[in-house]
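For reference, the chains in residue letters:
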Amino acid sequence: ASAPTIAIQGLAHVDNLVLKVVCEHALHNGYASIDRDELQQSEALSSLPEQELTDSLAVLESEGLVHVEYPGGPVYFVQVTTEGFERFAKAYRPDYQSTVQAVVSAIVNEHVESNSDLQAKLGKGQFLINHILDVLEGQDFIQLEKFGDGRMIVYSVSVKLRRAFGTGQIDT
């Protein structure tokens, strides 16, 4: 069962719903992409006309919240962007900010360096942990080494992050 739809500022209801389905799929499956059939067959979108879905994806892509890939034919894949997932997480995950704080605490205070160790320590899904690490890297709080097998290793923590964590000023 999926949570009720919450308005994400600046998005029409249908766009919000499509973004929510894409992000919930990412959380549940551990990867950012969903194909057209999975998207159309999701319970929340099964009654949505195909043109409305196409229009919604165009809006979400123009806002930088998803990337749509068309490898050919009627098939396409939708990938949530870091910004798209961030907007979703802030709206739909009441524990999101506390999870960010817990990740930062583990990195700064306990020197936990890998995404898998953070996942094990915090009991959160790999996609969510990886997303938080990407956001922290995007804000120049940490530097990551990313491996083809999905591993991420924090190899540098900025003074800015240590100071912000010390004052409780971490806000993604």
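Bear in mind that the values here come from a model prediction, so they are computed numbers and not experimental data.

Asker: Now, about the nonpolar core: what can you tell me, with residues and values included?
Answerer: In terms of nonpolar packing, the biggest core is built from 48 residues, with Leu 19, Leu 39, Val 78, Val 80, Leu 133 and Leu 136 touching the most fellow members. Residues in contact with Val 78, not counting those within four places in the same chain, are Val 22, Ala 32, Ser 33, Ile 34, Leu 39, Leu 57, Val 66, His 67 and Val 68.

Asker: Run through the packing of aromatic side chains, naming residues and quoting values.
Answerer: Any aromatic ring pair is given by two values, namely how distant the centres are and how the planes are angled relative to each other. Taken as a whole, this structure holds four aromatic pairs when the rule is applied. An aromatic cluster of at least three residues, connected via ring pairs, comprises Phe 85, Phe 88, Tyr 92 and Phe 127. Against the face of Phe 147 rests Arg 151, its NZ or CZ located 4.1 Å from the ring centre. The ring of Phe 141 has Lys 160 sitting right over it, with the charged end atom 5.3 Å from the ring centre.

Asker: Report on the pattern of salt bridges, specifying residues and quantitative values.
Answerer: The final tally for this structure, using the stated rule, is nine salt bridges. In this structure, the salt-bridge partner of Asp 95 is Arg 93, at a minimum N-O distance of 3.4 Å. Look at Arg 93 and you get partly exposed, because its relative accessible area is 23%. Connected via shared salt-bridge partners are Arg 93, Asp 95 and Lys 124.

Asker: I'd love a proper account of the pairing of strand β5 (residues 152-157), names of residues and values included.
Answerer: Where strand β4 (residues 142-146) lies against β5, five bridges are found, and the strand directions are antiparallel. Within β5, the position partnered with Lys 146 by the bridge is Met 152. The loop that links β4 with its antiparallel partner β5 comprises five residues; one of these, Gly 150, has a positive phi angle of about 100°.

Asker: Could you give an account of the environment of Ala 102, with specific residues and numbers?
Answerer: Here Ala 102 lies in helix α5 (residues 96-110). For the pair Ala 102 and Leu 65, spaced 37 residues apart in sequence, the C-alpha to C-alpha distance is 25 Å.

Asker: Quick one: what's the story with helix α3 (residues 50-62), residue by residue and with numbers?
Answerer: Compared with the 18 Å implied by 1.5 Å per residue over 13 residues, the 18 Å span of α3 between its first and last C-alpha is a close match. Of all the positions in α3, only Leu 53, Ser 56, Leu 57 and Leu 60 are classed as buried. What you see down the axis of α3 is that its buried residues fit within an arc of 100°, all on one side. For α3, exposure combined with an orientation more than 90 degrees from the buried face picks out Gln 51 and Ser 62. Of the residues flanking the end of α3, it is Gly 64, one or two places downstream, whose phi is positive at about 75°.

Asker: Lay out the packing of α5 against helix α6 (residues 115-122) with the relevant residues and their values.
Answerer: Direction vectors running N to C along α5 and α6 enclose 115°, while the axes themselves pass 11 Å from each other. When the interaxial angle is binned, α5 and α6 end up roughly perpendicular. Where α5 crosses over α6, the handedness of that crossing is right-handed. Residues Ala 102, Val 103, Ala 106, Ile 107 and Glu 110 of α5 touch α6, and the partners they reach there are Leu 118, Lys 121 and Leu 122. Its residues assigned to classes, the contact of α5 with α6 comprises six nonpolar, no polar and two charged.

Asker: Go over unusual backbone geometry with me, naming the residues and quoting the values.
Answerer: For His 111, which is not a glycine, the phi torsion comes out positive at approximately 55°. Summarising the element assignment, His 111 is placed in the loop between α5 and α6. Phi is positive for Asp 140, close to 60°, though the residue is something other than glycine. Relative to the helices and strands, Asp 140 is located in the loop between α7 (126-138) and β4.

The rules behind these values
- Residues numbered from 1 in each chain as written.
- Predicted model: local features only at pLDDT ≥ 70, side-chain atom pairs only at ≥ 80, totals over all residues.
- Heavy atoms only, no water.
- Core = buried A, V, L, I, M, F, W, Y, C linked by side-chain atoms within 4.5 Å.
- Buried < 20%, exposed > 50% of the residue type's maximum accessible area, 1.4 Å probe, protein only.
- Contact = heavy atoms within 4.5 Å.
- Phe/Tyr/Trp six-rings, centres within 6.5 Å; stacked < 30°, edge-to-face > 60°.
- Lys NZ or Arg CZ within 6 Å of the ring centre and 35° of its normal.
- Salt bridge = Lys/Arg side-chain N within 4 Å of Asp/Glu carboxyl O.
- Pairing = 2+ DSSP bridges.
- Helix = DSSP H or I, 4+ residues; strand = E, 2+ residues; numbered from the N terminus.
- Expected span 1.5 Å × (residues − 1).
- Arc of directions from axis to C-beta.
- Axes fitted to C-alpha atoms, helices over the stretch in contact; angles between N-to-C directions.
- Parallel < 35°, antiparallel > 145°, perpendicular 65-115°, else oblique.
- Left-handed = near helix turned anticlockwise from the far one by under 90°.
- Nonpolar A, V, L, I, M, F, W, Y, C, P; charged D, E, K, R; others polar.

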